[in-house]
Amino acid sequence: MVATNTLIAVGIDGIAYGMFLALLGVGITLVFGLGEVLNLAIGMFAILGTLMAHYLSTTVGLGSVPAFILGVGLVGILGVAVDRTLLSLVYRSDGEERILLGIFVTLGLSILLEGTLTNFFPSRYSLSLGLPRIDVIGITIPGSSILVITVSAVVLVALFAFLRGTFLGKAARTVFQDEVGALLIGVDPRRIRAIVFVLATIVAGIAGVVYGTSATLGVTSGFQFTIFALIVSIVGGIRSIEGTAVAGILLGIVATYANFFIGAYLASIILFMTAVIILLVRPVVGE
């Protein structure tokens, strides 16, 4: 019989993992909703954040916080470069052609990044901060899980506030809902897409950095993260940012409990099954 305190502790770890998935899923949703581009390199952007922060802190010798901030900044710079080059080609097309070309380009980018990074980072790495475990009413909670939850929550709240309370955010929502209408009121969809794509890569970089404090990650983890981000985005509604955030937390909790009780391999199967069940039930609930 598993103690209640242990189950609660596992649940908190699940929330932390779910918040991480929510950040990646929101990154997918933002870019697809604004430009109909499935960013299949989102997981590699997250891993790049982890690896850059690790390199800057261990090899260059920067302190943890400066290394983390600069690592995320480097991911954002790569996002700008990708938007100015590869995505400029994608946005020249429309409809299904844009979707397919976006898949081809971002998948190719993911493969390129994975092959390149593997040469420089062949092992698995973590960003240990030495955070102590915290005891709350008899429940032992890893400090890293608290960090992941706190930072992810702040990023999500800031993202929602940006979309609802700033001019650029409102312009993005306008493009999200009606691109023709956005053009008529003087909003440049291409400029908004560029800002949001870079923002999505920065969010992915932050996700990779904070999750790297609680897990050991390698270059090959990027593809898995992309798959999970896609699942979260689809389950939450590919154009619903709020739904994606909720789906990420829910699936993270399910995956963590499944991993605790039956192991990592079967946990992935449970995660997929849960996603399918939600997709099957959701239309019925909507009726």
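Quantities reported herein were computed from a predicted structural model and do not represent experimental measurements.

**Q** So what exactly am I meant to see when it comes to the overall build of the chain here?
**A** A tally of helices and strands in the chain yields twelve helices and four strands. Relative to the compact-globule value of 19 Å for 287 residues, the chain shows a C-alpha radius of gyration of 19 Å, a close match. In terms of overall dimensions, the chain has C-alpha extents of about 60 × 55 × 35 Å along its principal axes. Residues counted as buried form 48% of the 287 residues belonging to the chain. Contacts in the chain between residues at least 24 apart in sequence constitute 75% of all its contacts with a sequence separation of at least 6. About 13,300 Å² of surface is accessible on the chain, with carbon and sulfur atoms providing 70% of the total. Distance from the positive charge centre (13 side chains) to the negative charge centre (13 side chains) of the chain: 6 Å.

**Q** Sorry if this is basic, but what is going on with the layout of surface pockets here?
**A** The gaps of empty space that remain are located by a probe, the size of a water molecule, rolled over the atoms. Approximately 630 Å³ is the volume attributed to the largest pocket. Lining the largest pocket are 26 residues, with Tyr17, Tyr211, Ala215, Thr256 and Asn259 sitting closest to its centre. Residues that form the lining of the largest pocket fall into these classes: 15 nonpolar, nine polar and two charged. Quantified by volume, the second largest pocket comes out at close to 180 Å³. Leu30, Leu34, Leu163, Arg164, Ala172, Arg173, Phe176, Gln177, Arg239, Ser240, Ile241 and Glu242 together form the lining of the second largest pocket.

**Q** What is the right way to read unusual backbone geometry from this model?
**A** Backbone phi values are negative for most residues with the exception of glycine, while trans is the configuration of most peptide bonds. The phi angle at Glu36 is positive, at roughly 55°, despite the residue not being glycine. In this fold, Glu36 is placed in the loop between α1 (4–35) and α2 (42–60).

**Q** Just to check I follow, could you spell out the nonpolar core for this structure?
**A** Considering soluble globular proteins, one finds that nonpolar side chains tend to be buried as a cluster. Of all hydrophobic cores here, the largest spans 70 residues; its most connected members are Phe20, Leu24, Phe45 and Ile192. Among the elements that line this core, the one with the most residues is α1, at 13 residues. Other than its neighbours up to four places away in sequence, Phe20 contacts Ser152, Ala207, Gly208, Tyr211 and Phe225. Judged by nonpolar contacts, the second largest core, of seven residues, contains Ala67, Phe68, Leu127 and Val209.

**Q** What am I meant to see in the pattern of salt bridges here?
**A** Two side chains of opposite charge can pair, provided their charged atoms sit close to one another. Under the counting rule described, the total for this entry stands at five salt bridges. Arg239 is paired through a salt bridge with Glu36; the nearest N and O atoms lie 3.5 Å apart. With Arg239 in the loop between α10 (221–236) and α11 (241–262) and Glu36 in the loop between α1 and α2, this pair connects stretches of sequence that are 203 residues apart. Owing to a relative accessible area of 38%, Arg239 belongs among the partly exposed residues under this scheme.

**Q** Please clarify how the environment of Leu48 should be interpreted in this entry.
**A** Inspection of the secondary structure puts Leu48 in helix α2. Separated by 66 residues in sequence, Leu48 and Glu114 place their C-alpha atoms 9.4 Å apart. Apart from residues no more than four positions distant in its own chain, Leu48 is found in contact with Val75, Leu78 and Leu117.

**Q** What should I look at first to understand the environment of Ile141 in this one?
**A** Structurally, Ile141 can be placed in strand β3 (residues 139–141). Judged by relative accessible area, Ile141 falls into the buried class, the value being 10%. The spatial distance from the C-alpha of Ile141 to the C-alpha of Leu56 is 28 Å, given a sequence separation of 85 residues. The residues touching Ile141, leaving out its near neighbours within four places in the chain, are Ile12, Pro132, Arg133, Ile134, Val136 and Ile146.

Rules used in this analysis
- Every chain begins its residue count from 1, and numbering advances along the sequence as written.
- Totals for whole chains, interfaces and linings use every residue, but because this is a predicted model, local features are given only for residues with pLDDT of at least 70 and side-chain atom pairs only at 80 or more, for both listing and counting.
- In computing side-chain properties, one takes all heavy atoms of the structure into account and sets aside hydrogens as well as water.
- Put simply, DSSP marks the helices as runs of H or I at least four residues long and the strands as runs of E at least two long, and each gets a number from the N terminus on.
- Note on method: radius of gyration uses C-alpha positions; expected globular size equals 2.2 Å times residues raised to 0.38.
- Here the term buried applies to any residue with accessible area under 20% of the maximum for its type, exposed to any over 50%, and partly exposed to those in between, with areas from a 1.4 Å probe on protein chains only.
- Whether two residues touch is decided by their heavy atoms; if any such pair falls within 4.5 Å, the residues are in contact.
- To measure how exposed things are, a 1.4 Å probe is used in the Shrake-Rupley method; for residues, cover is taken only from the protein chains shown.
- Asp and Glu are treated as the negative residues and Lys and Arg as the positive ones, with His and the ends of the chain left uncounted.
- Just so you know, the charge point we use is NZ for Lys, CZ for Arg, CG for Asp and CD for Glu.
- Two kinds of site are reported from a 1 Å grid over the protein atoms alone, namely cavities, where a 1.4 Å probe fits but cannot get out, and pockets, open sets with protein on both sides within 12 Å along at least five of seven lines, and residues are called lining when an atom falls within 4 Å of a point.
- Grid points are joined across faces, edges and corners, and a volume is the space filled by probe spheres set on the points.
- Gly is placed with the polar residues, together with every amino acid not listed as nonpolar (Ala, Val, Leu, Ile, Met, Phe, Trp, Tyr, Cys and Pro) or charged (Asp, Glu, Lys and Arg).
- In these notes, a set of buried Ala, Val, Leu, Ile, Met, Phe, Trp, Tyr and Cys residues joined through side-chain atoms within 4.5 Å is what counts as a nonpolar core.
- The term salt bridge refers to a side-chain nitrogen of Lys or Arg lying within 4 Å of a carboxyl oxygen of Asp or Glu.

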